[in-house]
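The residues making up each chain are set out below.
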Amino acid sequence: MDEKLKTELSKQGIFTTSLQELYNWGRTSSIWPLNFGLACCAIEMIATTMARYDLARFGAEVFRPSPRQADLMIVAGTVTKKMAPQVVRLYNQMPEPKYVISMGACAISGGPFKQGYNVLKGIDRYIPVDIYIPGCPPRPEALIDAFMELQKKIDAQQLTGENRPRHLNADEPSEFIVPQFGEHDLEPTRNSSIWEPPLVQIAQTGSDESGSH
Amino acid sequence: MNLEAIKSEIEANVPGCRLELIANPSPSGQHSLLLDAEHASAVALYLRDTPNLRFDFCSNITGIDWPGKEVSQKIKVRKLVDGVEQEVEETRITTIPGSLEVVYHLYSVEKKHGPIVLRMRTKDRDAGVHLPSFTPIWRSAELQEREIFDLFGVLFDGHPDLRRLLMWDEFQDYPMRRDYVDPDDYEYEPTAHDAVLQRARQHLSQANPVQPSEGEAR
């Protein structure tokens, strides 16, 4: 519908909308997160929901204790390799449409435990992440900002066409491989269909040595 | 608390035990007693139950990995060289076998003294990694001995519930051992340095033999 006509009509007291706007408005305004935290980031997440920061203003006041009723998974904290299969299984149990916020350095990349043998180097190796928030831990304002970014993202989604979201495309998967406990590491170590290690140029021998001494 | 006195007291009361006093040269001067595995439980019970000692609280347990190492020494040996006795320098290589060590810190709440530091060493790092468990003597040892079993692979005989604590049950390695090689997770930080840089280079040479050009790098 033409935007000019729409504003003109609303001036005359006639409200027009499209199904897509209505649908996205409904989803944007009632994103229910999963009641689930892994480490110190979860404390910030809890603070965000309480009276001082009040996530309820954005329609996310109901933290659901069951993945069956949740729309959003906030991966708040260090994901150890022992915990990773359970996190992926919880994500698989959530109904579509579902979103993931990767909260804090650990959930993004392993954070300070990146060189550890026991920590997963980013939850995006197994499940698709919509919003990343850096910080150790991120402040409640950062989580609210991530939340608003997610709302913008949902608002912009098309219901039809090539770019329609995953839950409206029957060919796209809604469940992802749950890693198994292997003898030395998780198997597989990543879900290759959603994550590949980025190519990074590392300084060649000589150039970095001359710089460090 | 004089460790020397405690040592001779134990030796007098626990027949057959072999104790060794390991001096700590640092300013803290926390010397320790090395127990032999066969008499360790008897010594521990003696420390716990003797009225003037009463070490009733096992506060901390640590594992240490001592990998085996080769030490080369240059020794002067008298030898017959071409019929003439000469002094010849020879290199002799001695192999020091590795072992796993467990360190216990004991306190006495009743007598308000401590700590006393006990150590035990396994025979080697492969098959003979058995040590007696102190869990039947101090219950607080249970989880800490499980952790040491998990991360170092020491088998505590007599432990009521010796399962892995932090890693999953299917895990085969012992991550805190010196020779543990952790999984080759890609180190993609561009500011890598030291050991991480070394590993990243190694990984890159294995994963992509052709270095990506400037344009491809993300």
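Looking at the pairing of strand 6 (residues 99–108) of chain B
Residue and element names in this part refer to chain B.
Line of reasoning, step 1. By the criterion of burial, strand 6 is predominantly enclosed, with 9 of the 10 residues buried.
Line of reasoning, step 2. Alignment of strand 3 (residues 57–66) against strand 6, held across 9 bridges, turns out to be antiparallel. Across the sheet, residue Cys 58 finds its bridge partner in strand 6, namely Leu 106.
Line of reasoning, step 3. Sheet topology places strand 6 next to strand 7 (residues 113–121); 7 bridges connect them, and they run antiparallel. Its bridge partner being in strand 7, Leu 106 is matched across the sheet by Ile 116.
Line of reasoning, step 4. Connecting strand 6 to the next strand, strand 7, in antiparallel fashion are 4 residues, including Lys 112 with a positive phi near 55°.

Some remarks on the pairing of strand 2 (residues 99–103) of chain A
Across a regular strand the side chains alternate sides, sitting on one face of the sheet and then on the other.
All names here are of chain A.
Line of reasoning, step 1. Burial within strand 2 is extensive, with 5 of its 5 residues counted as buried.
Line of reasoning, step 2. Across the two faces of strand 2 the burial is the same, with Tyr 99, Ile 101 and Met 103 and Val 100 and Ser 102 all buried.
Line of reasoning, step 3. As paired elements, strand 1 (residues 72–76) and strand 2 share 5 bridges and run parallel to each other. Bridge pairing links Met 73 to Val 100 in strand 2.
Line of reasoning, step 4. Regarding the hand of the β-α-β motif, the stretch spanning strand 1, helix 4 (residues 84–93) and strand 2 is right-handed.
Line of reasoning, step 5. Of the pairings in the sheet, the one linking strand 2 to strand 3 (residues 131–133) comprises 3 bridges and is parallel in character. Residue Met 103 lies in a different strand from strand 3, and its bridge partner there is Ile 133.
Line of reasoning, step 6. Regarding topology, helix 5 (residues 104–109) serves as the crossover connection from strand 2 to the parallel strand 3, and that connection is right-handed.

Here we look at the packing of aromatic side chains
The description of an aromatic ring pair uses the distance of the two centres, along with the angle that the planes make with each other.
Line of reasoning, step 1. If you walk through the whole model with that rule in mind, you get 7 aromatic pairs over all chains.
Line of reasoning, step 2. Geometrically, the ring pair formed by Tyr91(A) and Phe176(A) is tilted, given 6.0 Å between the ring centres and 45° between the ring planes. Of the two residues, Tyr91(A) is situated in helix 4 and Phe176(A) in the loop between helix 6 (140–155) and strand 4 (180–181); the sequence distance between them amounts to 85 residues. Both residues of the pair, Tyr91(A) and Phe176(A), count as buried.
Line of reasoning, step 3. Among the aromatic residues, those joined into a ring-pair cluster are Phe181(A), Trp168(B) and Phe171(B).
Line of reasoning, step 4. Its guanidinium or amino end placed over the ring of Tyr91(A), Lys98(A) lies 4.4 Å from that ring's centre, counting from NZ or CZ.

As for the confidence of the model for chain B
Residue and element names in this part refer to chain B.
Line of reasoning, step 1. Taken over all residues, the pLDDT of chain B has a mean of 86, while the share at 70 or more is 92%.
Line of reasoning, step 2. Note on residues 211–218: pLDDT is under 50 here. Beyond four places in sequence and across chains, it has 12 contacts.
Line of reasoning, step 3. Complex prediction metrics read pTM 0.81 and ipTM 0.74.

Some remarks on the sheet that holds strand 3 of chain B
Residues and elements named next belong to chain B.
Line of reasoning, step 1. Pairing is mixed across the open sheet formed by 5 strands, whose spatial order is 1-2-7-6-3. Either end of the sheet is taken by a strand with one partner, and the two such strands are strand 1 (20–22) and strand 3. Across the sheet, the mean angle separating the axes of adjacent strands is 25° when strand polarity is ignored.
Line of reasoning, step 2. As defined by bridge partners, strand 1 adjoins strand 2 (residues 32–35) across 3 bridges and the pair is classed as antiparallel. Following the sheet pairing, Leu 21 is matched in strand 2 by Leu 33.
Line of reasoning, step 3. Against the sheet, helix 2 (residues 40–49) touches strand 2, strand 6 and strand 7, its axis set at about 175° to strand 7.
Line of reasoning, step 4. The sheet strands contacting helix 3 (residues 141–152) are strand 3 and strand 6, and the helix crosses strand 3 at an angle near 10°.

Let's talk about the pattern of salt bridges
Two side chains of opposite charge can pair, provided their charged atoms sit close to one another.
All names here are of chain B.
Line of reasoning, step 1. Tallied over the entire structure, the rule returns 20 salt bridges over all chains.
Line of reasoning, step 2. Between Arg 125 and Asp 65 there is a salt bridge, with the nearest N and O atoms lying 2.7 Å from each other. Within this pair, whereas Arg 125 is found in the loop between strand 7 and strand 8 (130–132), its partner Asp 65 is found in strand 3, the two being separated by 60 residues in sequence.
Line of reasoning, step 3. Judged by relative accessible area, Arg 125 falls into the buried class, the value being 12%.

Cut-offs used in this document
Residues numbered from 1 in each chain as written. Chains lettered and ligands numbered in written order. Predicted model: local features only at pLDDT ≥ 70, side-chain atom pairs only at ≥ 80, totals over all residues. Heavy atoms only, no water. Buried < 20%, exposed > 50% of the residue type's maximum accessible area, 1.4 Å probe, protein only. Helix = DSSP H or I, 4+ residues; strand = E, 2+ residues; numbered from the N terminus. Pairing = 2+ DSSP bridges. Right-handed = clockwise from strand over helix to strand, strands pointing away. Phe/Tyr/Trp six-rings, centres within 6.5 Å; stacked < 30°, edge-to-face > 60°. Lys NZ or Arg CZ within 6 Å of the ring centre and 35° of its normal. pLDDT = per-residue confidence, 0-100. Contact = heavy atoms within 4.5 Å. Axes fitted to C-alpha atoms, helices over the stretch in contact; angles between N-to-C directions. Salt bridge = Lys/Arg side-chain N within 4 Å of Asp/Glu carboxyl O.

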